[in-house]
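# Fold and contact review
Below are the chains, spelled out letter by letter.
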Amino acid sequence: MRDPQRVQEILQSMMKAGSNTVQVISDFDMTLTRFMYNGKRCPTCHNILDNSRLISDDGKVELKELLDTYYPIEIDTSRPVEEKLPLMVEWWTKAHELLVQQAIRKDMLTTAVRESEAKLREGFQLFFDHLHEHSIPLLIFSAGIGDILEEVIQQAGVFHPNVKVFSNYMDFDESGVLRAFKGELIHVYNKREGAILNTGHFQELRTRPNVLLMGDSLGDLNMADGVHDMENILKIGFLNDKVEERKQSYLDLYDIVLIKDETLEVPNAVLLYLTGNK
């Protein structure tokens, strides 16, 4: 924490207001899911598909080439976001076109997720269940694939009614084959637009001006931009990769930075505090 005093003030102010004024806004890949497990990288929503039997060997090679080209750009702190934006759009668009070419079947997604090495962070059960018990809305903004993301939460048994997902959803034809992706593209750096496009949704949450925001990239910091009359926001950042070169920028922008932490212990402690379970 760069300013522990400020974190304490935000927490006390949020607790005073009561948990019925709180909403949680979170990224998914590498924030709610693990970055590493047993020394091995865990897959993102896109990786789950890329590594599955639903993608041909040639498709896998092309998707890997895209990752190797664009991921270093995404996490490069020396490049301004303006410069990265068109490149991220390019990456996601090419990846989605490649996936459409694979004629993926809807009924195979469950198996792809089950056979994958996707893992929610340790402590996920308490996190999701506690939010549900206290009727605290959880909004997930993800540049991943909504259908896969929902399947991961579903298979973990924690897809409760208080969870709302904003992501890239697949569009299947009547025979259940992927033909396109729906709506506007959501990528790492335009979650602000996603948030603002969904202000109708935030409208329903008018009585919840206190936000716990969780992300693993600097692009995630804009996810709460659609929240009206915000009173307090506590930002928790997971710094998983390239720690030394990115640490300062994370400390400048997130209130709490968790370095190589594969658990939800800190968010859970915050939630328990806010709901009076000290």
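Everything here concerns the structure above.
This section reports on the structure supplied with the text. Everything quoted here is computed from the prediction, not taken from an experiment.

Before going further, it helps to examine the environment of Ile-236. If you trace the backbone, Ile-236 turns up in strand E9 (residues 232-239). Considered as a pair, Ile-236 and Arg-206 are 30 residues apart in the sequence and their alpha carbons are 22 Å apart. Contact partners of Ile-236, with chain neighbours within four places excluded, come to Leu-212, Leu-213, Met-214, Gly-215, Tyr-254, Ile-256, Leu-258, Val-266, Pro-267 and Val-270.

It is worth spelling out the side chain of Arg-246 at this point. Following the sequence through the fold, Arg-246 ends up in helix H10 (residues 243-253). Not counting the four nearest positions on each side in its chain, Arg-246 is found in contact with Ile-75, Thr-77, Asp-216, Leu-239 and Asp-241.

On to the nonpolar core, then. Counting residues in each nonpolar core, the largest one holds 62 residues, and the members touching the most others are Phe-127 and Phe-128. Sort the elements by how many residues they give to this core and helix H4 (residues 81-101) lands first, with 6 residues. If we skip the residues at most four places from it in the chain, Phe-128 touches Leu-32, Leu-120, Leu-138, Ile-153, Val-158, His-160 and Val-163. Within the second largest apolar cluster, 19 residues are counted, among which are Phe-202, Val-211, Tyr-250 and Val-257.

A word on helix H6 (residues 124-133). Of the positions making up H6, those classed as buried are Phe-124, Phe-127, Phe-128, His-130 and Leu-131. With its buried residues spanning 165 degrees around the axis, H6 presents them on a single face. Tucked into the core, H6 has its buried residues touching strand E1 (22-26), strand E4 (138-145), helix H7 (146-155), strand E5 (163-168), strand E8 (210-215) and helix H11 (265-274). Where H6 terminates, the next one or two residues include Ser-135, which has phi positive at roughly 50 degrees.

Further remarks concern unusual backbone geometry. One non-glycine residue with positive phi stands out, namely Asn-38, at about 50 degrees. Of note in this structure, Ser-135 is not a glycine but carries a positive phi near 50 degrees. By the element assignment, Ser-135 lies in the loop between H6 and E4. When its relative accessible area of 47% is taken as the criterion, Ser-135 is described as partly exposed.

Here the focus is the pairing of E4. The side chains of a regular strand alternate, residue by residue, between the two faces of the sheet. In terms of residue burial, E4 counts as a mostly covered element, since 8 of its 8 residues are buried. Bridging between E1 and E4 involves 3 bridges; their strand directions are parallel. Within the sheet, the bridge partner assigned to Ile-25 lies in E4 and is Leu-139. As judged from the 5 bridges shared by E4 and E5, these two strands associate in the parallel manner. Directly across from Ile-145, in E5, lies its bridge partner Asn-168.

Another point: the packing of aromatic side chains. If you walk through the whole model with that rule in mind, you get 5 aromatic pairs. Arranged with centres 4.5 Å apart and planes meeting at 80 degrees, the rings of Trp-91 and Trp-92 form a pair that is edge-to-face. Across this residue pair, the class does not change: Trp-91 and Trp-92 are buried. Of the aromatic side chains, those joined through ring pairs into one cluster are Tyr-70, Trp-91 and Trp-92.

Right, let's get into the sheet that holds E9. Here we have 6 strands laid out as an open sheet, ordered E5-E4-E1-E8-E9-E10, and parallel in their pairing. Edge positions in the sheet fall to E5 and strand E10 (256-259), since each has one partner strand and no second. Along the sheet, successive strands turn relative to each other by an average axial angle of 15 degrees, direction set aside. Pairing geometry for E1 and E8, over 5 bridges, is parallel. Following the sheet pairing, Val-24 is matched in E8 by Leu-212. The strands touched by H7 are E4 and E5; relative to E4, the strand with the most contacts, the crossing angle is about 125 degrees. Lying on the sheet, H10 is in contact with E9 and E10; it crosses E9 at an angle near 175 degrees.

Now for the environment of Leu-11. Take Leu-11: it is sitting in helix H1 (residues 4-17). Sequence separation between Leu-11 and Tyr-273 is 262 residues, and the spatial gap between their C-alpha atoms is 8.3 Å.

Let's shift gears to the pairing of E9. The buried count for E9 comes to 7 of 8 residues, which makes it a mostly enclosed element. Note that E8 and E9 share 6 bridges and pair parallel. Bridging across to E9, Met-214 finds its partner in Ile-236. Summarising the sheet, E9 and E10 pair through 4 bridges and their orientation is parallel. Of the residues in E10, the one forming a bridge with Phe-238 is Leu-258. Regarding the hand of the β-α-β motif, the stretch spanning E9, H10 and E10 is right-handed.

The rules behind each value
- Residues numbered from 1 in each chain as written.
- Predicted model: local features only at pLDDT ≥ 70, side-chain atom pairs only at ≥ 80, totals over all residues.
- Heavy atoms only, no water.
- Helix = DSSP H or I, 4+ residues; strand = E, 2+ residues; numbered from the N terminus.
- Contact = heavy atoms within 4.5 Å.
- Core = buried A, V, L, I, M, F, W, Y, C linked by side-chain atoms within 4.5 Å.
- Buried < 20%, exposed > 50% of the residue type's maximum accessible area, 1.4 Å probe, protein only.
- Arc of directions from axis to C-beta.
- Pairing = 2+ DSSP bridges.
- Phe/Tyr/Trp six-rings, centres within 6.5 Å; stacked < 30°, edge-to-face > 60°.
- Axes fitted to C-alpha atoms, helices over the stretch in contact; angles between N-to-C directions.
- Right-handed = clockwise from strand over helix to strand, strands pointing away.

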